[in-house]
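Spelled out, the chains give:
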There are 2 protein chains.
Amino acid sequence: MSNKKEIPYKIYLEEHEMPKQWYNVRADMKNKPAPLLNPGTHKPMTFEELTPVFCDELVKQELDDTTPYFDIPEEILSFYKMYRPSPLVRAYCLEEKLQTPAKIYYKFEGNNTSGSHKLNSAIAQAYYAKKQGLKGVTTETGAGQWGTALSMASAYLGLDCKVYMVKCSYEQKPFRREVMRTYGASVTPSPSMDTKVGQKILAEHPGTTGSLGCAISEAVEVATSTEGYRYVLGSVLNQVLLHQSVIGLETKAALDKYDIKPDIIIGCAGGGSNLGGLISPFMGEKLRGEADYRIIAVEPASCPSFTRGTFAYDFCDTGMVCPLAKMYTLGSNFIPSANHAGGLRYHGMSSTLSQLYADGLMEARSYEQTKVFEAAQEFARVEGILPAPESSHAIRAAIDEALKCKETGEEKTIVFGLTGTGYFDMYAYQAYNDGTMSDYIPTDEEIAASVAGLPKVD
Amino acid sequence: MSNKKEIPYKIYLEEHEMPKQWYNVRADMKNKPAPLLNPGTHKPMTFEELTPVFCDELVKQELDDTTPYFDIPEEILSFYKMYRPSPLVRAYCLEEKLQTPAKIYYKFEGNNTSGSHKLNSAIAQAYYAKKQGLKGVTTETGAGQWGTALSMASAYLGLDCKVYMVKCSYEQKPFRREVMRTYGASVTPSPSMDTKVGQKILAEHPGTTGSLGCAISEAVEVATSTEGYRYVLGSVLNQVLLHQSVIGLETKAALDKYDIKPDIIIGCAGGGSNLGGLISPFMGEKLRGEADYRIIAVEPASCPSFTRGTFAYDFCDTGMVCPLAKMYTLGSNFIPSANHAGGLRYHGMSSTLSQLYADGLMEARSYEQTKVFEAAQEFARVEGILPAPESSHAIRAAIDEALKCKETGEEKTIVFGLTGTGYFDMYAYQAYNDGTMSDYIPTDEEIAASVAGLPKVD
């Protein structure tokens, strides 16, 4: 292939080409994402109401839907240089395996110890906490990527870090826990008896193995009741999408450097942090009428917020201590089946992405997890990287789109986000290798029951 | 620091700057490493004697101690591009933490799914096996990095791959096993009942948890008794050092690009694959009298081949089916204490490195594992990467040398090899985090007893 010589396998930006600003896609949206609401008054959350929970500077970012660019502070740029730029890789081997005329690229965010893109926002949130003179931060983690990322960022800045880890993950992923401990974080299985909300949930559901929504409630309670602490969140929020825009900005810079114009951009979606970050500059062009792209969100069939959820205000957490967000949601009590190993378990979705989806600016699809792991294995064998189950949703969609090109003969350029590595997901791979992995799709009745509990907002 | 602007955090060579040839350090050695001997006749092993075990082309490389450069085949260069060049990272954060005037660089080989430098030789050996029209390869693995690397390379080339995994690792590291299975390899705990040598060892030591030397014997037996198979080895051999020279060549090219001249080069040493690869071009300059460097091998105090072993002919394996190699050895029956979690467990050492060490061209030192994990944790917290226990031996030495510079005020430039990541070593990290990790240093009597079994060679 002649283009092998022109375009390197891995496009690494040079340091001076790295983004110096984050991009805020909301600034270019005509229909702005709906504001967070106070769960008591149903009025938009104010700066004053949010600052007991989040750092001041992050609240400003959260509420600002008009400023298109935010300077990345020098200290964060410096930290980014430890593991960024991440490579944009041409999947030559996968293309050859599929015998597709499509050109496939992936932005690989797994080359850091947190194993994912989560570090991009973790360092930003920890930085603002440190700058505000705080002692520490609290958070929740499910699979553990976010908790690991925040532990790393906190260790680097000398902040205390308290992680509430969904109990079933805490037990099934002891190694994730140990990575966080190596970085000096305290890790507590959630629900715990440390918090009122944990005690309440345990009293009502004694055998519960926890959920992200429940761990969020605990982390928020600890942050708001402990002097010098704030809560930080790894997804869903506007501020997180802002920080994660570094993924998309680097991707776009790398593509532009070689005059590559993508046709399709694909990202996996749980709460939206990766997808929102990856697509933001492309969506910006689309919103401004400068370019057009097909943008595809991929989610698990067992937790199908976009494809089967309701676009409405809902609680972000199980304990209902957080503000209400308007989003595609399955209901804050929705918990994916225990046999779901593929991550992306959050009941809701970023408000920004929800609005973009509602406005028809992106597509969404869902896959059952055995199909996802099939793609993961195929990818691993030819591209060398063992992908995270989450990321593998995007791989599945990219392969399917590339196979469509094979049928039609179209030479489309497909870019997808490879958010991380699967080194801590080997139980799931083992189930797949052993043929014992099963699929689960919630019934319409289950979803209807869980959505029935949505708060009533006029 | 003004040089922050000049020298990037991570020096990535461009594709066209990547080495196109491997460097064979033996060509520049006046005292050549002693040849492998036939264990029966004690005469040097011939091409004909070695080719039933190893691929023809690899035997040629093994026996050639005069050709300085070997072209890297195009297919291997292409595979290297999937994960190479690896970055040469300036450890700015570690330097700041240590408050040292020393400049510390590390060559990071962990950014691929095998998690280490092992892939550099795995793809080469698999390639020559494929080129020879073989069906498959056999090997042993301890911690699992080599087995994973070979599984990846075999999957890429469509070769069958049979891995004999030291039983205690097989049981303690099920996730490593699953990574290999994901890449389509068969993984058998060693000793097994599959082989005569395994049956014999199990009969003599029914409760044994295995050793590298034993797994080697099994893998060799299967390769030599199965049509279309050959054995491949991830360390010790000259051919492996040849392939691994890509590490050193890239390191040197990256340093040269920014006019950096190292004073001290540090690598961990088990069988010598990483150390030999990293130092080879620097050692070449030293051998040719063109430059001088301090070169330091670092090994675990619980398996101290260089620092407390005997320089003599010994078996490479427990079953004594392999040729004899002249090397620093603790005796082929030496097995490090079970509480040793830090890797680098091989009883012997590369013949090439052994000769260089005997000739006073490099230094060696050993560390107890708690000191190694202390360095690992310190490094992880500031540099972001969770290092493999093996690599952390080099970190320990680099930190100690940097602290010496702090005392003396010398601005030395230290380069060390960060061979891989510790994601599959979290049991060991857990023991360190929990304070339950202990150290073990073999007594003089234990080493004397094990060395007493060395074969008598005139």
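In short, a report on the structure.

Cut-off values and rules
Residues numbered from 1 in each chain as written. Chains lettered and ligands numbered in written order. Predicted model: local features only at pLDDT ≥ 70, side-chain atom pairs only at ≥ 80, totals over all residues. Heavy atoms only, no water. Least-squares fit on C-alpha atoms with pLDDT ≥ 70 in both. Contact = heavy atoms within 4.5 Å. Axes fitted to C-alpha atoms, helices over the stretch in contact; angles between N-to-C directions. Helix = DSSP H or I, 4+ residues; strand = E, 2+ residues; numbered from the N terminus. Parallel < 35°, antiparallel > 145°, perpendicular 65-115°, else oblique. Nonpolar A, V, L, I, M, F, W, Y, C, P; charged D, E, K, R; others polar. Buried area = accessible area lost by both parts, 1.4 Å probe. Salt bridge = Lys/Arg side-chain N within 4 Å of Asp/Glu carboxyl O.

## Observations concerning the relation of the copies chain A and chain B
Least-squares fitting of chain A to chain B yields an RMSD of 0.0 Å, with the superposition described by an axial translation of 0.0 Å and a rotation of 180 degrees. What the superposition gives is, in effect, a two-fold axis relating one chain to the other. If distances are taken from each C-alpha of chain A to the rotation axis, the shortest is found for Asn111(A), at 3.0 Å. The overlap is high: 100% of the interface residues of chain A also sit at the interface in chain B, so the same surface is used on both sides.

## Some points on the packing of helix α3 (residues 56-63) of chain B against helix α12 (residues 238-257) of chain B
Residues and elements named next belong to chain B. One way to put it is that α3 packs onto α12 with a least axis distance of 7 Å and a crossing angle of 90 degrees. Taken together, α3 and α12 sit at an angle that is classed as roughly perpendicular. Each of Leu-58, Gln-61 and Glu-62 in α3 lies in contact with α12, whose residues at this interface are Asn-238, Gln-239, Leu-242 and His-243. Looking at the contact of α3 with α12, its residues break down into 2 nonpolar, 4 polar and 1 charged.

## Examining the interface of chain A and chain B
The partner chain B presents 43 residues to the 43 residues of chain A that form the contact. Together, the buried faces of chain A and chain B total about 4100 Å²; carbon and sulfur atoms form 56% of this surface. Looking only at chain A, the three residues that lose the most surface to chain B are Phe175(A), Thr182(A) and Tyr423(A), adding up to 18% of its buried area. Summed over the shared surface of chain A and chain B, the number is 2 salt bridges.

## Examining the environment of Ile441(A)
Residue and element names in this part refer to chain A. Inspection of the secondary structure assignment puts Ile-441 in the loop between α18 (426-434) and α19 (444-451). Along the primary structure Ile-441 and Pro-304 are separated by 137 residues, whereas in three dimensions their C-alpha atoms are 8.9 Å apart. Here Ile-441 is in contact with Ala-301, Arg-308 and Glu-368, once residues within four sequence places are set aside.

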